[in-house]
2 protein chains.
Amino acid sequence: MPGFKKKGSQTVVFEKAPVITSWASIVGPKEGEGPWGQEFDSVLGDYMFGEDSWEKAEKKMLREAVKLSLDKRNLQVDDAEIILAGDLLNQTVSSNYAARELARPFLGLYGACSTMAEALLVGSMLIDGNFFSRLVSATCSHHYAASRQYRFPTEQGTQPTPSTQWTATAAGAVVLEWAGVGPRITAGTIGKVIDMGQSDAADMGSAMAPAAADTLKTHLNDLERLPDYYDLIVTGDLARVGMAIAEQLFIRDGLLPKPNYSDCGVLLYDEKQDVDAGGCGCGCSAAMLCGPLLKKMQKGEINKMLLVATGALMSPTMAFQGESIPGIAHAIAIEN
Amino acid sequence: MPGFKKKGSQTVVFEKAPVITSWASIVGPKEGEGPWGQEFDSVLGDYMFGEDSWEKAEKKMLREAVKLSLDKRNLQVDDAEIILAGDLLNQTVSSNYAARELARPFLGLYGACSTMAEALLVGSMLIDGNFFSRLVSATCSHHYAASRQYRFPTEQGTQPTPSTQWTATAAGAVVLEWAGVGPRITAGTIGKVIDMGQSDAADMGSAMAPAAADTLKTHLNDLERLPDYYDLIVTGDLARVGMAIAEQLFIRDGLLPKPNYSDCGVLLYDEKQDVDAGGCGCGCSAAMLCGPLLKKMQKGEINKMLLVATGALMSPTMAFQGESIPGIAHAIAIEN
């Protein structure tokens, strides 16, 4: 039997630790007004990005984020051997249509808002497994495109509840290489789908928190690590309601990751911004990663980070069947 | 630079050639009445499978196909280290909810009807890369669930055009292992998204044929092979209209794969069955693979097969934007 890189039940360790050599983020106006507005590569002046629909704007954000991530490293689109991407729109159309225009070999993924971690995890396996030397992992979301697909016609102006999260208008792309300079992905934990019976589409944080807790616990057990191994453990988009539940679950599991624990959905916006419980969407953790967080790693302010990106596998298709909302969380360890 | 397993522009070659040690298929009544009805593991008596909606029936088909594929090898669900799956329903809910019930680490994929090849390609890389020793790749589709999502309310009985394809009610699952007895996946080609401007949702075959031709040509070029290297080259679900176009494109490219070329969408049903141009859907190539085709390989009637699974990346979300329908095709080489 060969030396398998799986450790414990769900974690893989990368012998050659793929390098994040470049990254890029493009965010919407509200994200630009938030506390990290200066840390993103590009802040859009409006939600249309020169297109005639929000869906087309979302696709363009993804495409441009991929191009920008390569351009920042003086590479062309053709220098990416393969692109891995997914998004929230039905049939992951933002990714499919961006891939059409980028014209590179493409693997489509769906992990809801956990997609950035899934794309980096799969991408890391493909590089560490010697299949490719350079690829791009990317994802995106758009507040208005998601709102009208998942909830109500946007123009209707339906009143959100306090537990509702604001889908981020944001795209993030990471250039992952077998060699180079930058933070390295050293391990990843593939999540299970966890469903505690939550069925309120206006409270995704509660639906995802159990998956975040399960993946974090599994990751630490698999690698026999304590939470303080990491300078920062950051979940994807639990926002304030989900983060509070996750903290209780961490305490139950004896993990107590405070004070090194935070959540991208809480970080992305200022408390004064009108986003109810906080941010969500594939772009939430993707933009936080491809903006402030990787910059902090570059500066050495963070040296070991665990991103536990969370996804609510919510779909009107199953809500119509009276189903509850399962969650999933994939984790990636990034180290200097 | 390490010895990369990428050959040419888009193809990966597997040093250890992951083994297909088991497989299972579950199909609907119409597929059971087709020419290969006896070759599937299970033929459903109706379209509900004991559930109260088509969508729930689809999810159950996928779940049961995964379990059956493991059971046929005397394995439990927990023996699968990871499950890779995707499907056609919005947010790939059949896969997400089946994964919830299977409770194994899960990677969600979206490649439309190319998903079986995508799941086997990614799965092969994860095994050949030494990350896992055993996993399951699976997909499914359900005629009535797909019809009402993509086209018209099913009960409306909208008249199909002759180019329309019949979404197969079918699920297929493959157990992929690092060692064992069975046909082996020796190489794979990751497709590009190709769009020739076709926008007729009642003619997916024409939308997908250019992607099939591109991937086949690339695969053969990358590996410096002639079409007659394979006993059978089989596309996923082009059906009669798309297959005719693909054949013309193959001729244009100097490939002439006849007489060893066929298409799962043409094979799945008898010409006398009321399926217009033929079959489509993720389950079409998945069930043909996990039924008649792998059985033929087991018996030595086929020793080298190339599955070029095709996906129309169609979505009402982009049709509403006036967009055309891109296609993608991923290829996997299976050899005894």
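Look a little higher up for the structure.
Keep in mind it's a predicted model, so treat the numbers as computed, not measured. Per chain, residue numbering runs from 1 following the sequence as it is written. Think of it this way: whatever chain is written first is A, whatever ligand is written first is 1, and the rest follow in order. Side-chain atom pairs in this predicted model are given and counted only at pLDDT of 80 or more, local residue features only at pLDDT of at least 70, and totals for whole chains, interfaces and linings cover all residues.

Before we go on, may I ask you to explain the overall build of chain A in this structure?
Secondary structure elements are taken from DSSP: a helix is a run of H or I of four residues or more, a strand is a run of E of two residues or more, and numbering for both begins at the N terminus. Within chain A, the secondary structure is distributed over 10 helices and 15 strands. The globule rule used for comparison is 2.2 Å times the number of residues to the exponent 0.38, while the radius of gyration itself is calculated over C-alpha atoms. Taking 20 Å as the expected radius of gyration for a compact globule of 336 residues, we find that chain A reaches 18 Å, a close match to that expectation. Considering only C-alpha atoms, chain A reaches an extent of 55 × 50 × 40 Å along its principal axes. Put plainly, a residue is buried at 20 or more neighbouring C-beta atoms within 10 Å of its own, exposed at 12 or fewer, and partly exposed in between, counting only other residues' C-beta atoms, which are placed from the backbone. Sorting the 336 residues of chain A into buried and exposed places 65% on the buried side. Long-range contacts, defined as pairs at least 24 residues apart, comprise 79% of the intrachain contacts of chain A with a sequence gap of at least 6. Think of it this way: build a C-beta for each residue from its backbone, and any pair within 7 Å is a contact.

How do you make sense of the nonpolar core when you look at a structure like this?
Burial of nonpolar side chains together is a common tendency in soluble globular proteins. Working definition: the nonpolar core is a set of buried Ala, Val, Leu, Ile, Met, Phe, Trp, Tyr and Cys residues, joined through C-beta atoms within 7 Å. In terms of nonpolar packing, the biggest core is built from 247 residues, with A:Ile83, A:Leu307, B:Ile83 and B:Leu307 touching the most fellow members. Once you skip the residues sitting within four places of it in the chain, A:Leu307 turns out to touch A:Ala117, A:Val234, A:Ser285, A:Leu289, A:Ala331, A:Ile332 and A:Ile334.

Just to check I follow, could you spell out the relation of the copies chain A and chain B for this structure?
One chain copy maps onto the other through a rotation about an axis and a shift parallel to that axis. Aligned on chain B, chain A shows an RMSD of 0.0 Å; the corresponding rotation is 180 degrees and the shift along the axis is 0.0 Å. The superposition of one copy onto the other is thereby described by a two-fold rotation axis. Looking at chain A, 100% of its interface residues are interface residues in chain B too, so the copies touch through the same face. Alignment of copies: least-squares fit on C-alpha atoms of residues with pLDDT of at least 70 in both copies.

Help me understand the interface of chain A and chain B, please; the structure alone is not making it clear to me.
One widely used convention gives an interface's size as the accessible area the parts lose upon coming together. In this complex, chain A contributes 55 residues to the contact, which on the side of chain B involves 55 residues. Of all the secondary-structure elements, those providing two or more residues to the side of chain A that touches chain B are helix H2 (54–71), helix H3 (93–102), strand S6 (106–108), helix H4 (115–128) and helix H10 (316–319) of chain A. When residues are grouped by polarity, Ala, Val, Leu, Ile, Met, Phe, Trp, Tyr, Cys and Pro land in nonpolar, Asp, Glu, Lys and Arg in charged, and all others, Gly among them, in polar. Looking at the side of chain A that touches chain B residue by residue, the class counts come to 26 nonpolar, 17 polar and 12 charged.

Please explain the pairing of strand S5 (residues 83–87) of chain A as it appears in this structure.
All names here are of chain A. Most of S5 is tucked away: five of the five residues are buried. A two-sided burial pattern is seen for S5, the buried positions comprising Ile83, Ala85 and Asp87 on one face and Leu84 and Gly86 on the other. Note on pairing: DSSP must find at least two bridges between two strands before they are called paired. Across three bridges, S5 lies against S6 in parallel orientation. Each bridged residue has a counterpart across the sheet, and for Leu84 the counterpart in S6 is Leu107.

Sorry if this is basic, but what is going on with the pairing of strand S10 (residues 184–189) of chain A here?
The side chains of a regular strand alternate between both faces of the sheet. Residue and element names in this part refer to chain A. The pairing of strand S2 (residues 11–13) with S10 spans three bridges and is classified as antiparallel. For Val12, the partnering residue across the bridge sits in S10 and is Gly188. Two strands pair when backbone bridges link them, and S10 and strand S15 (residues 327–335) are joined in this way by five bridges, in the antiparallel orientation. Paired with Gly188 across the two strands is Ile332, which belongs to S15.

Just checking my understanding: could you explain the environment of B:Ala99 for this structure?
Tracing the backbone through its elements, the reader meets B:Ala99 in helix H3 (residues 93–102). Assessed through the 29 C-beta atoms surrounding it within 10 Å, B:Ala99 is described here as buried. Taking the C-alpha atoms as reference points, B:Ala99 and B:Lys67, 32 residues apart in sequence, are found 11 Å from one another. The contact partners of B:Ala99, leaving out residues within four places of it in the chain, are A:Val193, B:Ile83, B:Ala85, B:Arg104 and B:Phe106.

How should I be thinking about unusual backbone geometry in this particular structure?
Only a minority of non-glycine residues have a phi that is not negative, and only a minority of peptide bonds are not trans. Residues and elements named next belong to chain B. The phi angle at Asn74 is positive, at roughly 60 degrees, despite the residue not being glycine. Mapped onto the elements of the fold, Asn74 is located in the loop between helix H2 (54–71) and strand S5 (83–87). Positive phi, close to 70 degrees, is recorded for Asn130, a residue that is not glycine. Its place among the elements puts Asn130 in the loop between helix H4 (115–128) and strand S7 (134–141).

How do you make sense of the packing of H2(B) against H3(B) when you look at a structure like this?
For any two helices packed against each other, one specifies the inter-axial angle together with the distance between the axes. Residue and element names in this part refer to chain B. Note on geometry: axes are lines fitted to C-alpha atoms, helical ones only across the stretch in contact, with angles between N-to-C directions running from 0 to 180 degrees. For the pair H2 and H3, the least separation of the axes is 8 Å and the interaxial angle reads 50 degrees. By the angle class used here, H2 and H3 are oblique. Classified by chirality, the crossing of H3 by H2 is right-handed. Mapping the contact onto sequence places Glu58, Lys59, Leu62, Arg63 and Val66 in H2 and Ser94, Ser95, Tyr97, Ala98, Glu101 and Leu102 in H3. Here the contact of H2 with H3 is composed, by residue class, of five nonpolar, two polar and four charged. By definition in this entry, angles of less than 35 degrees are roughly parallel, angles greater than 145 are roughly antiparallel, angles of 65 to 115 are roughly perpendicular, and the rest are oblique. Left-handed is the label given to a crossing in which the near helix is rotated counterclockwise from the far helix by less than a right angle, and right-handed is the label when the rotation is clockwise.

I would appreciate a short explanation of the environment of A:Cys113 in the present structure.
Residue and element names in this part refer to chain A. Along the chain, Cys113 falls in the loop between S6 and H4. Put simply, Cys113 and Gly281 are 168 residues apart on the chain and 5.1 Å apart in space, counted from C-alpha to C-alpha. Each residue touching Cys113, except ones within four places of it in the same chain, is listed here: Gly236, Asp237, Cys280, Gly281, Cys282, Cys284, Ser285, Ala309, Thr310, Gly311 and Ala312.

Help me out: how do you make sense of helix H6 (residues 204–223) of chain B in this one?
Think of an α-helix as turning once every 3.6 residues; residues three or four places apart then point the same way. All names here are of chain B. Given a rise of 1.5 Å per residue, 20 residues ought to cover 28 Å, and the 29 Å separating the end C-alpha atoms of H6 matches this to within 8%. In terms of burial, H6 is largely enclosed, as 16 of its 20 residues are buried. Of the residues trailing H6, Glu224 is marked for its positive phi of about 50 degrees. For a helix, the expected span equals 1.5 Å multiplied by the number of residues minus one.

So yeah, pure geometry; function would need other evidence.
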